[in-house]
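# A closer look at the structure
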Amino acid sequence: MTKAGFVVANLFRKKTRTTLTVLSVIAAFTLFGLLQSLNHIFDAGADFIGATRLMTQARVSFTQPLPLSMVPQLEGVPGVAHVAYMQWFGGVWKKDNSPIFAFAVDPMRQHQVYPEWVMPEDQWQAFAKTRTGMIAGRVLADRMGWKVGQKIPLSSNIFPQKNGSKDWTFDLVGIYDGSTEDWQKQTQNVFIQHEYFDEANQFSSGRTNFYALQLADGADAAAISRAVDKMYENSPDETKTQTEKDFNVGFLKQIGDIGMIVRWILFAVFFTLLLVVGNTMAQSVRERVPELAVLKTLGFSDASVLGFVLAEAGALCLFGGLVGMGLATVFGAMISKGTGGQFTIDVSLPVWGMAAVAVVAMTLAVGLLPALRAQRLKIVDALAGR
Amino acid sequence: MLSQISAITGLNLRSIPDRWTSSLVIVVGLAGVVAVFCALLAMSAGFASTLQASGRTDNAIVLRGGSGAELNSGLDRDSMLLAREAPGVRKGADGKPLASAEVIVIAELVRQGDANNGANITVRGVEPNAFVLRPQLKIVEGRAFKPGLRELIVGRGVTRQFQGAELGKVLRMRGSDWTVVGIFESGDAYESELWGDVEVAQTTFNRRGYSSVLLGLESPAAVRQVKDALQSDPRLTVDVTDQQSYFSDQTKQFRLTIGFLAGFVTAIMALGAIFAALNTMYAAVAARGKEIATLRALGFGGMAVVLSVLVESLVLALVGGLIGALLAYLLFNNFSVSTLGQNFTQVVFAFKVTPQLVVTGLVIALVIGFIGGLLPAWRAARLPITTALRQG
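Residues numbered from 1 in each chain as written. Chains lettered and ligands numbered in written order. Predicted model: local features only at pLDDT ≥ 70, side-chain atom pairs only at ≥ 80, totals over all residues. Heavy atoms only, no water.

When you go through chain A residue by residue, the secondary structure sums to 15 helices and 13 strands. The C-alpha atoms of chain A give 30 Å as radius of gyration, which overshoots the globular expectation for 386 residues (21 Å, by more than 25%). Within chain A, the proportion of its 386 residues that are buried is 52%. The long-range share in chain A, meaning contacts at least 24 apart out of those at least 6 apart in sequence, stands at 80%. About 17200 Å² of surface is accessible on chain A, with carbon and sulfur atoms providing 62% of the total. (Helix = DSSP H or I, 4+ residues; strand = E, 2+ residues; numbered from the N terminus. Rg over C-alpha atoms; globule rule 2.2 N^0.38 Å. Buried < 20%, exposed > 50% of the residue type's maximum accessible area, 1.4 Å probe, protein only. Contact = heavy atoms within 4.5 Å. Areas by Shrake-Rupley, 256 points an atom, 1.4 Å probe, with all protein chains shown as cover.)

By the secondary structure assignment, Ser313(B) is in helix H10 (residues 302-332). Look past the residues within four positions of Ser313(B) in its chain and what remains in contact with it is Met281(B), Gly369(B), Phe370(B), Gly372(B) and Gly373(B).

Once that is clear, we can look at the interface of chain A and chain B. Accessible area lost upon the coming together of the parts is a frequently used measure of interface size. Contact with chain A, which involves 50 residues of that partner, is made by 51 residues of chain B. When chain A packs against chain B, the two sides together hide about 4200 Å² of surface, and 62% of this comes from carbon and sulfur. Where chain A packs against chain B, one counts 1 salt bridge. Put simply, Glu108(B) and Lys240(A) hold a salt bridge, and the shortest N to O gap is 2.6 Å. Between chain A and chain B we count 6 residue pairs in polar contact (both at pLDDT 80 or more) in total. Within the residue set of the side of chain A that touches chain B, elements represented by two or more residues are helix H2 (15-43), helix H10 (244-253) and helix H11 (258-287) of chain A. Ranked by residues supplied to the side of chain A that touches chain B, first place goes to H11(A) with 13 residues. (Buried area = accessible area lost by both parts, 1.4 Å probe. Salt bridge = Lys/Arg side-chain N within 4 Å of Asp/Glu carboxyl O. Polar contact = N/O pair within 3.5 Å; in protein donor to acceptor, adjacent residues only side chain to side chain.)

Moving on to the environment of Leu366(B). Residue and element names in this part refer to chain B. Counting through the fold element by element, Leu366 comes out in helix H11 (residues 355-382). Assessed through its relative accessible area of 32%, Leu366 is described here as partly exposed. Considered as a pair, Leu366 and Asn59 are 307 residues apart in the sequence and their alpha carbons are 44 Å apart.

Let us now look at helix H14 (residues 349-376) of chain A. For H14(A), which comprises 28 residues, the first-to-last C-alpha distance of 39 Å matches the rise-based estimate of 40 Å (1.5 Å per residue) to within 8%. By the burial criterion, the buried members of H14(A) are Val351(A), Ala355(A), Ala358(A), Val359(A), Met362(A), Thr363(A), Val366(A), Gly367(A), Pro370(A), Ala371(A) and Ala374(A). (Expected span 1.5 Å × (residues − 1).)

Bringing the domain arrangement of chain B into the picture now. All names here are of chain B. If you check the domain split of chain B, you get domain 1 (2-52 + 252-391) and domain 2 (66-236). A separation of 47 Å is found between the C-alpha centroids of domain 1 and domain 2. Opposite the 12 residues of domain 1 that make contact, domain 2 presents 19 residues. Interface area, domain 1 with domain 2, both sides summed: about 1200 Å², of which 51% is carbon and sulfur. Our count for the contact surface shared by domain 1 and domain 2 stands at 0 salt bridges. (Domains from an automatic or database assignment.)

All names here are of chain A. Buried residues dominate strand S9 (residues 167-178), accounting for 9 of its 12 residues. Two elements, strand S6 (residues 117-118) and S9, share 2 bridges in a ladder whose sense is antiparallel. Each bridged residue has a counterpart across the sheet, and for Trp117 the counterpart in S9 is Gly178. Pairing of strand S8 (residues 151-156) with S9, which is carried by 5 bridges, proceeds in the antiparallel orientation. Looking across to S9, one finds that Leu154 is bridged to Trp168. (Pairing = 2+ DSSP bridges.)

Let's shift gears to helix H12 (residues 289-297) of chain A. Residues and elements named next belong to chain A. Every buried residue of H12 is listed here: Val289, Leu292, Ala293, Leu295 and Lys296. The arc that holds every buried residue of H12, seen down its axis, measures 155°, which confines them to one face. Positive backbone phi, approximately 115°, marks Gly299, located one or two places after H12. (Arc of directions from axis to C-beta.)

Residues and elements named next belong to chain B. Running from N to C, helix H2 (residues 20-54) and H10 point in directions that differ by 40°, and their axes come no closer than 7 Å. Classed by the angle they form, the pair H2 and H10 counts as oblique. H2 and H10 meet at a crossing whose hand is right-handed. In this structure, H2 uses Ser23, Ile26, Val27, Leu30, Ala31, Val34, Ala35, Cys38 and Ala39 to contact H10, whose residues at the interface are Leu316, Ala317, Val319, Gly320, Gly321, Ile323, Gly324, Ala325, Ala328 and Phe332. In terms of residue class, the contact of H2 with H10 is made up of 15 nonpolar, 4 polar and no charged. (Axes fitted to C-alpha atoms, helices over the stretch in contact; angles between N-to-C directions. Parallel < 35°, antiparallel > 145°, perpendicular 65-115°, else oblique. Left-handed = near helix turned anticlockwise from the far one by under 90°. Nonpolar A, V, L, I, M, F, W, Y, C, P; charged D, E, K, R; others polar.)

Here we come to the environment of Arg376(A). Residue and element names in this part refer to chain A. With respect to the helices and strands, the residue Arg376 is situated in helix H14. Classification of Arg376 by relative accessible area gives exposed; the value is 61%. Between the C-alpha atom of Arg376 and that of Met119, which follows or precedes it by 257 residues, the distance is 69 Å.

Before going further, it helps to spend a moment on the pairing of strand S9 (residues 212-216) of chain B. All names here are of chain B. With respect to burial, S9 is a largely interior element, 5 of its 5 residues being buried. Where burial is concerned, the two faces of S9 agree: the one with Ser212, Leu214 and Gly216 and the one with Val213 and Leu215 are both buried. Here strand S1 (residues 59-64) runs beside S9; their pairing, made up of 4 bridges, is antiparallel. Looking at S9, one finds that Ala60 is bridged to Leu215. Two elements, strand S2 (residues 99-110) and S9, share 4 bridges in a ladder whose sense is antiparallel. Residue pairing in the sheet places Ala101 in a bridge with Val213 of S9.

Let us look at the confidence of the model for chain B. Chain-level pLDDT for chain B is 88 on average; 99% of the residues reach the 70-or-more range. Reported confidence for the predicted complex is 0.78 by ipTM and 0.80 by pTM. (pLDDT = per-residue confidence, 0-100.)

Right, let's talk about the side chain of Ser24(A) for a bit. In this fold, Ser24(A) is placed in helix H2. Residues in contact with Ser24(A), not counting those within four places in the same chain, are Leu273(A), Val276(A), Gly272(B), Phe275(B) and Ala276(B).

What follows deals with the nonpolar core. Most often, soluble globular proteins have nonpolar side chains that are buried together. Core analysis: the largest hydrophobic core is formed by 126 residues, its most contacted members being Phe29(A), Phe270(A) and Trp195(B). Of all the elements, helix H8 (residues 243-287) of chain B adds the most residues to this core, at 17 residues. No fewer than three residues from each of domain 1 (2-52 + 252-391) and domain 2 (66-236) of chain B sit in this core. Contacts of Phe29(A), omitting those with residues within four sequence positions, involve Phe270(A), Cys317(A), Gly320(A), Gly321(A), Gly324(A), Met325(A), Ala328(A), Ala355(A), Ala358(A) and Val359(A). (Core = buried A, V, L, I, M, F, W, Y, C linked by side-chain atoms within 4.5 Å.)

So this is what it looks like as structure tokens:
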């Protein structure tokens, strides 16, 4: 019998116990996978964004619009290559009152500053030329079933048209994709023409919520953001400029400290699990004390007896971890699909990596004490049942 | 029969201390499940109770039609004046309609313990009547702001969660300086706001209109009257809601999300706990196989054995559940957090571990204990006496 076979055979001597223990480990790792992925969205949700862009908003709050007269001034800041701007439209899909993230933008500036949004050139041209034009992200368009050429009715919960109606209609002239998988997931926005919006709405004129600054190669982002904020200090439109990544992280943080809640749950789950598996291991070693003594009598070293017990614990955790994480991956994909990509839980490689660390830590935590006990057994005492 | 059951059960329960390590697994497992369950739902209960406390049924809030939240709303001066003259609005001490036209703007404050990420905070400009319409609001430190001055009073929730709005501090917003002169408590969503004089706010922030008008009603039923009058007026496009529904509508999405998360997490954890309980009870039964067989040889019935194992498992589950609920209560009750509310600004609220939640948590624990005890009990009762007696 090989050593591995020996370990497996020992695990299966009490089938019910092993099965039940593995099942609780699986439950714990399923939760681990899903919650860590959820946490990941909030923790590192902006990792894929390079530091190539700065976002400028009003210092008080981004709900306070800034004047468009800032465009040439911002373009004049050394190191700033291009400037785009985005005005929040407050879009609402009338049928179910769900929010649509719509921004009024300058089409060609958007094209220039965001190379991550990929769309055929003729659609960009159409967007620039059609006053009532609108483009939508692929994920959103797929979810809503929108096709290029359709007229899309969209309400705004902020801006009425000049005639007082809050119902707008736009022509869908393009659907954009993301340049990478991460960006593709972000294609959930709608862009409309700022020029048209500015003229047609009742009270916002010549203003925008955000500026996106594309920097020249090798420009110092920190220095530029300081320079921009300095420029508007003590003006009625004081600004706050930060990297796009910080901007997104700050935005998510507003929702609350999801990380803290997730950590508490995981702590509770693993503490419980530790006890379950730890108890099983201790029990199985206790029952086998005479056998382990026989092994030692036969010439197995203390170290290899320690190894046997640790390997059993490891096998339990590893198998449970693999199946649990597998289940989490499947559930995550199901949730993403079920919500039409609106809520993506992606059990990614880093999460699997964390799970691997958890498996090792758990193995040591539950296996080490029983294993040491097995290692230190005195043959005479053990065989005598003392 | 009854005496048999109580005899075996008593025997079982008394022997728990001798095998406490394995019994501990059930207790800790269920403590974990119940604690997580209670803590998650305490969050949604706390959020809901904060917002519900904010709303009175004898106040009505007037917003621009279709705007849904004060942030998106805007009313010009004429609409504001028309709204306060609506029939059904009660009169104040001065004989004029009891109403407060308010304007909200958003400021950013930095969270306690954070370095640079700002969070949105509501700054509300109010009329003197605002305090009459919200009698729950009390100034606990400093004094009220003086009309005409750039002075602010700050909610207790804001000072708890964010920096830079302490008494005496000067806040800079859009090139203007505001002094914090007082701190107020109200136990509801308004505690997450900064308040100042509406006219000063309008001139400072260059707002000609108002965000909302809060009306005092003659009776809760008068909301219909106000609504009919204002919505049939061709000069106005407004929504009229009683203040309580306005706030409770805002909690729906949050409660749904948290409810889903809590349900999902609890379900998976409960599964894990059931397996753990089964494991423990099987071990408990196996360890006492001889004992049980002896009892049955003496004439104790199978039913008595089944029930005794079940009772043991239920008692352990209940203890675990109680510990879990207590933990959730000690760690999280009144634990203060904040999240984004309807106005895209922070609402500070505290977790509330309610008796209802605790009871539900204990029921979950008992169900798990029952399932975890049933199969092992069954096995214990069915094991042939002779085999069991010969074992080990």
